[in-house]
2 protein chains.
Amino acid sequence: MARPPAARTKVLDAYISLLCEEGERAATLEAAATRAGVSKGGLLYHFASKEALAAGVIESTEEHVQLDLDRMHEAAEGASVYYVQTSAEVDTELDRHLVAVQRLAQAGVGSAAAMLEDVHARWLQLILDEVGDPAIAHLVILIGEGLYAHLAMPGSWYQSNFEGRLKELLELVPQLKKLKELNE
Amino acid sequence: MARPPAARTKVLDAYISLLCEEGERAATLEAAATRAGVSKGGLLYHFASKEALAAGVIESTEEHVQLDLDRMHEAAEGASVYYVQTSAEVDTELDRHLVAVQRLAQAGVGSAAAMLEDVHARWLQLILDEVGDPAIAHLVILIGEGLYAHLAMPGSWYQSNFEGRLKELLELVPQLKKLKELNE
DNA sequence: GTAACTATACCAACCGGACGGTATAGTTAC
DNA sequence: GTAACTATACCGTCCGGTTGGTATAGTTAC
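Residues numbered from 1 in each chain as written. Chains lettered and ligands numbered in written order. Predicted model: local features only at pLDDT ≥ 70, side-chain atom pairs only at ≥ 80, totals over all residues. Heavy atoms only, no water.

### Digging into the interface of chain A and chain B
Of the residues lining the interface, 48 residues belong to chain A; the matching set on chain B comes to 48 residues. The junction of chain A with chain B conceals about 4500 Å² of combined surface from both sides, 68% of it contributed by carbon and sulfur atoms. Taken as a group, A:Arg25, A:Gln106 and A:Trp157 account for 16% of the area that chain A buries against chain B, more than any other trio of residues on that side. At the boundary of chain A with chain B, the tally comes to two salt bridges. Among the salt bridges present, the one from A:Glu24 reaches B:Arg25, with a minimum N-O distance of 2.7 Å. Elements that contribute at least two residues to the side of chain A that touches chain B include exactly helix H6 (93–106), helix H7 (110–131), helix H8 (134–152), helix H9 (157–162), helix H10 (166–175) and helix H11 (177–183) of chain A. If you tally residues by element for the side of chain A that touches chain B, the top one is H8(A), at 14 residues. (Contact = heavy atoms within 4.5 Å. Buried area = accessible area lost by both parts, 1.4 Å probe. Salt bridge = Lys/Arg side-chain N within 4 Å of Asp/Glu carboxyl O. Helix = DSSP H or I, 4+ residues; strand = E, 2+ residues; numbered from the N terminus.)

If you want it as structure tokens, here you go:
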């Protein structure tokens, strides 16, 4: 191997950015190549098809997810709080990847949808391990999902209405565990 | 004047179905026309452009949203519970419309994104009127959003994991109001 | 009352552009 | 000399939109 495949990484990153910022429809092969500063031929040298590109995104995402799950497992603040907090983070590499995968899933890429299901299942398991009760775990997952949906949506409604309230929200999350007792 | 424009309604319904079931990319003019049992030309007679079709969906959605907000305002079980419950309903006309608008928003249709922001703001206001505390209202909105995100996602993970747990969840929602006191 | 005309509600065929993908010939860095 | 590209040209397909036409029902003029 002579030179390291610099283009491969750049193309993947550009494609993810396009998916996040412009949507799946705008994320064409040529647009990805241009944004990556690579020729279309160069892109297709590394990713033989658009499907292969999507697979590349998913593969790269899986690595980030695995790291996140490890951190979540060992988080001092608990899995639930960690999960909600990271769901609200916009600028991490993991979130960029997950938004991209979400876009792919909604565009009909089956493996992307499957991956999201799998990730959700793994998140749920860790939260369930912490909080014990399935209904509470359900609640926590939904809150994270809700935050996530806002991030994945174009527009700034979330920013202007919930900004700064995140800290307050995170303080409420550990209290959710008490709900079950309260309910009985 | 003469015949009623039967095609118009059928086309709108077909386009919404396509957006929900197959995604924005598959929701082409020809696909919508075919599903509506109309020629492409016939479709374009009623909706001069794809943009006009989207506008038709949004307009139709606005009517359903208005009805829902009225019902939410007068719901005996309270705005929060009503909101979460209806967020989990898959088969209503309103949800079909909202999923369609969401798909449009993520495909870059600005007016669709604007509408969703507006609807969220109105939902939040009603919930805030009920629960008083902004952080709790925040929480409720996010739970509904989370449910909604699952519905809008292809795949059946939600069905197999959360099915039947909705009742339990809905019982927890009114308890959320107590969180604030608990926290102090 | 009927012929001429208008408006509505479509359909079928086509056009231009974009996009995914192929092919090929040449270039650069190690 | 080989992996990692660039550059360009091209093909088939699909998609949004245009055009030209048809059928039907109501409206007007006489």
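Next comes the rest of the account.
### Notes on the relation of the copies chain A and chain B
Rotating chain A by 180 degrees and translating it 0.1 Å along the rotation axis places it on chain B, where the RMSD comes to 0.1 Å. Given the turn and translation reported, the copies of this chain are related as if by a two-fold rotation axis. Measuring from the rotation axis to each C-alpha of chain A, the shortest distance belongs to A:Gly146, at 2.0 Å. A shared interface surface links the copies, since 100% of the contact residues of chain A are contact residues in chain B too. (Least-squares fit on C-alpha atoms with pLDDT ≥ 70 in both.)

### Things to note about the domain arrangement of chain A
Residues and elements named next belong to chain A. Per the domain assignment, the segments making up chain A are domain 1 (1–48) and domain 2 (58–183). Taken over C-alpha atoms, the centre of domain 1 sits 28 Å from the centre of domain 2. Considering only the side of domain 1, the residues that lose the most area to domain 2 are Ile16, Leu19 and Cys20, jointly responsible for 57% of the buried surface there. Residue arginine 96 is joined to aspartate 13 by a salt bridge in which the shortest nitrogen-to-oxygen separation is 2.5 Å. Remark: the boundary between domain 1 and domain 2 carries four residue pairs in polar contact (both at pLDDT 80 or more). The residue makeup of the side of domain 1 that touches domain 2, split by class, is five nonpolar, two polar and two charged. (Domains from an automatic or database assignment. Polar contact = N/O pair within 3.5 Å; in protein donor to acceptor, adjacent residues only side chain to side chain. Nonpolar A, V, L, I, M, F, W, Y, C, P; charged D, E, K, R; others polar.)

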